[in-house]
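# Survey of secondary and tertiary structure
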Amino acid sequence: MKVPDSFEDDFSSERIILFPLTEENMSPSYPDWLNDPHVNQFLLGDRSRQTKKSCRVFIHDCQARPDVLLLGIRTSLQGRPAHVGNVKFSTIRTDHKTAEIGLLIGEKSLWGKGLGRKALQDAQLIARRFLTLRKLTAGILATNEASQRTFSHAGFTTIGVRQGQFLLDGRPEDEILMETFV
């Protein structure tokens, strides 16, 4: 999905900036996040070893899809402005004004500092003002309690559970379904 040039200025706060993630502005650490077992334990995507090239391909594929918007999260909390995570809108349905949303804070040193909550709050503004959506939904693995708390603190409510929806390391894992109206 194409975003306007003014997008970054319109959706920034004192702690973070959400920006259209491109191959050129991704963090050199991006593949390292995805290869870290603590970071990727709750990701449902490709679990093979990630490289800069595979991350570039992922970003390119997201940019090519009209129903996806991939944003980076930038913060200066570690001293200099850096890409530290992503927010992804997927299955954007302009006819129904809905989308799925996902969140990744890749820099573990920033976990628990409220960046995820702030990114989700800013993403809700983007959903309403730029994408003209009315509702966001998220599916979170049941064992990812920190993510459930983050989404809850950002205004999402739990609406159900898909029992045994995924297999993680061969074991069934429930998916917690959450939503918010923007």
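Here's what I pulled together on the structure shown here. (Residues numbered from 1 in each chain as written. Predicted model: local features only at pLDDT ≥ 70, side-chain atom pairs only at ≥ 80, totals over all residues. Heavy atoms only, no water.)

### Section: helix H5 (residues 115-129)
Because each turn of an α-helix spans 3.6 residues, side chains separated by three or four positions in sequence point in the same direction. Across its 15 residues, H5 extends 21 Å between first and last C-alpha, which sits within 8% of the 21 Å expected from 1.5 Å per residue. Considered for burial, the residues of H5 that qualify are Leu115, Gly116, Lys118, Ala119, Leu120, Asp122, Ala123, Gln124, Ile126 and Ala127. (Helix = DSSP H or I, 4+ residues; strand = E, 2+ residues; numbered from the N terminus. Expected span 1.5 Å × (residues − 1). Buried < 20%, exposed > 50% of the residue type's maximum accessible area, 1.4 Å probe, protein only.)

### Structural notes on the layout of surface pockets
Considered as a void within the structure, the largest pocket measures approximately 1500 Å³ in volume. Taken together, 47 residues line the largest pocket, and the ones lying closest to its centre are Phe42, Leu43, Gly102, Leu103 and Leu104. A breakdown of the residues in the lining of the largest pocket according to their chemical character gives 22 nonpolar, 17 polar and 8 charged. (1 Å grid on protein atoms, 1.4 Å probe; cavity = no way out; pocket = protein on both sides within 12 Å on 5 of 7 lines; lining within 4 Å. Points joined across faces, edges and corners; volume = space filled by probe spheres on them. Nonpolar A, V, L, I, M, F, W, Y, C, P; charged D, E, K, R; others polar.)

### Side note on the packing of H5 against helix H6 (residues 145-153)
Look at H5 against H6: their axes get within 8 Å of each other, and the N-to-C directions meet at 45 degrees. With respect to their mutual orientation, H5 and H6 come out oblique. Taken as a pair, H5 and H6 cross one another with a handedness that is right-handed. Contacts between H5 and H6 involve Gly116, Arg117, Leu120 and Gln121 from the former and Thr150, Phe151 and His153 from the latter. (Axes fitted to C-alpha atoms, helices over the stretch in contact; angles between N-to-C directions. Parallel < 35°, antiparallel > 145°, perpendicular 65-115°, else oblique. Left-handed = near helix turned anticlockwise from the far one by under 90°. Contact = heavy atoms within 4.5 Å.)

### Structural notes on helix H4 (residues 52-64)
The end-to-end C-alpha distance of H4, which contains 13 residues, comes to 18 Å, matching closely the 18 Å that a straight helix rising 1.5 Å per residue would cover. When we look at burial in H4, the residues that qualify are Cys55, Ile59 and Cys62. Axial view of H4: buried residues confined to an arc of 60 degrees, hence all on one face. Looking at H4, the residues exposed on the side facing more than 90 degrees away from the buried face are Lys53 and Ala64. Against helix H2 (30-35), strand S2 (69-75) and strand S3 (82-93) lie the buried residues of H4. (Arc of directions from axis to C-beta.)

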